[in-house]
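# Close look at the chain arrangement
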Amino acid sequence: MNLFGSYDVVVTGAGSSGIVAAIRAAREGAKVLLLEGTGFLGGLITGGRLTKPTGLINSKIFEEMLDRCVGYRGADGRIRESYWGKYTGTFDAEVMQRVIIEMVEEAGIEVLLRANVVQTVMKGGAMHGLLIRTKSGESLVLAHAFIDASGDGDVAALAGADFMLGRESDGLTQPITSYFRVLNVNVPALIADCEENRGDMWEVVYPKEAGDRNEDYAMAVLLTGFQQRIKDKVAEGFDWIIPKDHITMKTGLIPGEISVNVTRFQGNGLDDRDLSRAEIEIRKQAYCAFDFLQRYVRGFENAIFLEVAPKLGIRETRRVRGEYVLTEAEVRGNRRFEDAIGLCNSPVDVHEPGGSRAIMDHVGIGYGIPFRCLVPHKIDNLLLAGRCISVDENAFGSTRNVPACTMTGEAAAIAAAMAAGRRVPTSQIPVAEVQARLRDLGVWLGTPEEPVPEVLRQAG
């Protein structure tokens, strides 16, 4: 067997959680390998065009990423507010890709793209290596600590971890989606349409000081609604093939650019056939929605269909069972934990499995994410980051979002780097030391004794 290399920390998955984890671990002094199955970095925040954090960012690495995007004039650095709470401003996907490449290279991280983990190397319940497959064949990767930031919990599952999948009642997961992008929209006309039909809109967020130019609205508009309009036009004969009863859209960096979130495919994100069907069906739905917008929504008359995001938006797959399972009641109840590693205000955002509805419920001043949710049950030297952490099906509606994903990535990286530096298992790293490092960095932890940050206290 070919030995690819030996490292302090190996991170699997280069989405938002994996990128943050790799950079933080490297900055903490670890020799890091970042594995990614696709050909690009950033996951959904680049290839998926998921460019609006749903909540306030509380990861110092990701804050720096956004600040650098602002420096390239590719992000809205202001805090915005919707009916479901405050959120950190929008960024451009390609500008973010540029920033990620810069920061990964500055940190000295080795990146291996188009690499899939096919087996784990275990000894006495602890992980010591990964078998990876690339175009060159199979190779062995060794490390002192591992972070599963794959989104799907692939590494943990290969190691034999217990996991939860979908809704407890029937196993259905939240549907798969993809953004599509449109150019040459008359944004002032679109906003006027939404204001005139305010009763059919759930949210109409835009800079009130803006004028009559598309440039005035770049990366600063968020619209959700059109439910009654869809219903009315379907009754008149429009062939609406999308199993969703509303539309969300946001402006991008290019004046007149709109990203639309409306597509919905019910399937298992771990099933190859479902994934292939989703790629095709979602494009058909995107064309349908574009036709609807051109015909029935002012401002889209001369719009140009640009693209469907190249990476599928997989909302939900495995939730790895950890030493603690965070619950919906704790998320909604603003629960604090002694071992919390991040305060999260992301709403409970659940797209109805098998249905057409969605909820976005405000969680006020936020809740703490326990470090125990990052520790898979009975597996040492492996930590979880991102949407595969240990939570119940509805708490997941909040923790699957970028703010929680990046917080868990940062905390997992600090613990992994400490373990590698001391040549001890991750289980021997005191949570208090991880928290102390996060506190030094300026992260809001969400512990019982910690005061609520002013920006969130105002939201509560």
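Just so we're clear, the structure is a prediction, and the values are computed from it rather than from any experiment. (Residues numbered from 1 in each chain as written. Predicted model: local features only at pLDDT ≥ 70, side-chain atom pairs only at ≥ 80, totals over all residues. Heavy atoms only, no water.)

## What about the sheet that holds strand S15 (residues 304-308)?
Spatially, 6 strands are ordered S11-S12-S13-S14-S10-S15 in an open sheet, and the strand pairing comes out antiparallel. Two strands close off the open sheet at either side, each with one partner strand: strand S11 (201-205) and S15. Along the sheet, successive strands turn relative to each other by an average axial angle of 20°, direction set aside. Of the strand pairs in this sheet, strand S10 (residues 180-183) and strand S14 (residues 258-261) are connected by 3 bridges, and their pairing is antiparallel. In the strand pairing of S14, phenylalanine 180 is matched with valine 260. On the sheet, helix H7 (residues 272-296) packs against S10, strand S13 (247-251), S14 and S15 and is oriented at approximately 155° with respect to S15. (Pairing = 2+ DSSP bridges. Helix = DSSP H or I, 4+ residues; strand = E, 2+ residues; numbered from the N terminus. Axes fitted to C-alpha atoms, helices over the stretch in contact; angles between N-to-C directions. Contact = heavy atoms within 4.5 Å.)

## What to know about the domain arrangement of the protein chain
Along its sequence, the protein chain is organised into domain 1 (2-167 + 316-456) and domain 2 (176-314). Placing a centre on the C-alpha atoms of domain 1 and another on those of domain 2 gives a separation of 28 Å. With 39 residues of domain 1 at the interface, the matching set in domain 2 holds 28 residues. Where domain 1 packs against domain 2, one counts 1 salt bridge. One salt bridge connects glutamate 307 with arginine 49, and the closest N-O pair in it is separated by 2.6 Å. For the pair domain 1 and domain 2, the number of links is 12 residue pairs in polar contact (both at pLDDT 80 or more). The element contributing the most residues to the side of domain 1 that touches domain 2 is strand S3 (residues 79-82), with 3 residues. (Domains from an automatic or database assignment. Salt bridge = Lys/Arg side-chain N within 4 Å of Asp/Glu carboxyl O. Polar contact = N/O pair within 3.5 Å; in protein donor to acceptor, adjacent residues only side chain to side chain.)

## Notes on the environment of tyrosine 324
With respect to the secondary-structure elements, tyrosine 324 resides in the loop between strand S16 (318-320) and helix H8 (328-332). Separated by 36 residues in sequence, tyrosine 324 and methionine 360 have C-alpha atoms that sit 25 Å apart. Residues contacting tyrosine 324, with those up to four places away along its chain left out, are Glu330, Arg335, Phe337, Pro370, Arg372, Cys373 and Ser390. A polar side-chain atom of tyrosine 324 sits 2.4 Å from a polar atom in the side chain of glutamate 330.

## Describing the side chain of aspartate 200
Relative to the helices and strands, aspartate 200 resides in the loop between helix H5 (187-196) and S11. For the buried aspartate 200, no salt bridge exists, and the shortest N-O distance to an oppositely charged side chain is 4.6 Å, to arginine 229. Not counting residues within four places of it along the chain, the set of residues in contact with aspartate 200 comprises Gly225, Phe226, Gln227, Gln228 and Arg229. (Buried < 20%, exposed > 50% of the residue type's maximum accessible area, 1.4 Å probe, protein only. Lys, Arg positive; Asp, Glu negative; His and termini not counted.)

## A closer look at the pattern of salt bridges
Where charged atoms from two side chains of opposite charge approach closely, those side chains can pair. Scanning all chains against the criterion turns up 35 salt bridges. Residue arginine 24 is joined to glutamate 28 by a salt bridge in which the shortest nitrogen-to-oxygen separation is 3.4 Å. Classification of glutamate 28 as partly exposed rests on a relative accessible area of 28%. The partner of arginine 387 in a salt bridge is aspartate 152, with the nearest N and O atoms 2.8 Å apart.

## A closer look at the nonpolar core
Val9, Phe62, Met65 and Ile147 are the most contacted members of the largest nonpolar core, which totals 94 residues. What phenylalanine 62 contacts, discounting residues up to four positions off in sequence, is Ser16, Val20, Ile45, Ile57, Phe91, Met96, Val402 and Thr406. In terms of nonpolar packing, the next biggest core, distinct from the first, is built from 40 residues, Met201, Phe265, Val297 and Ala303 among them. (Core = buried A, V, L, I, M, F, W, Y, C linked by side-chain atoms within 4.5 Å.)

## Observations regarding the packing of helix H1 (residues 16-27) against helix H10 (residues 402-422)
Running from N to C, H1 and H10 cross one another at 30°; their axes reach a closest spacing of 7 Å. Judged on the interaxial angle alone, H10 and H1 are roughly parallel. Viewed along their axes, H1 and H10 form a crossing whose handedness is right-handed. Across the interface between the two elements, Ser16, Ser17, Val20, Ala21, Arg24 and Ala25 of H1 pack against Val402, Cys405, Thr406, Gly409, Glu410, Ala413, Ile414 and Ala417 of H10. (Parallel < 35°, antiparallel > 145°, perpendicular 65-115°, else oblique. Left-handed = near helix turned anticlockwise from the far one by under 90°.)

## A closer look at the packing of H1 against helix H3 (residues 93-106)
At a closest axis distance of 9 Å, the pairing of H1 and H3 adopts a crossing angle of 25°. By the angle between their directions, the pair H1 and H3 is classed as roughly parallel. For H1 against H3, the interelement crossing comes out left-handed. Counting all contacts with H1, which are made through Ile19, Ile23 and Arg27, the residues of H3 involved are Ile100, Met103 and Val104.

## Description of the side chain of aspartate 245
Residue position: aspartate 245 is located in the loop between helix H6 (227-235) and S13. As a buried residue without a salt bridge, aspartate 245 has its nearest oppositely charged side chain in arginine 264, at a separation of 6.1 Å. A polar side-chain atom of aspartate 245 sits 2.8 Å from a polar atom in the side chain of histidine 246. In this structure aspartate 245 touches Gln227, Ile230, Ser356 and Arg357, once residues within four positions along its chain are discounted.

## Topic: the packing of aromatic side chains
Evaluated as defined, the whole model comprises 10 aromatic pairs. Ring geometry for phenylalanine 290 versus phenylalanine 305: centroids 5.5 Å apart, planes at 90°, classification edge-to-face. Placement of phenylalanine 290 in helix H7 and of phenylalanine 305 in strand S15 is noted, with a sequence separation of 15 residues between them. Accessibility expressed as a relative area gives 11% for phenylalanine 290, which makes it buried. Members of the aromatic cluster, connected to one another through ring pairs, are Phe180, Tyr287, Phe290 and Phe305. Cation over ring: lysine 250 sits above tyrosine 179, and NZ or CZ is 4.2 Å from the ring centre. Above the plane of the ring of tyrosine 324 lies arginine 372, whose end atom (NZ or CZ) is 4.4 Å from the centre. (Phe/Tyr/Trp six-rings, centres within 6.5 Å; stacked < 30°, edge-to-face > 60°. Lys NZ or Arg CZ within 6 Å of the ring centre and 35° of its normal.)

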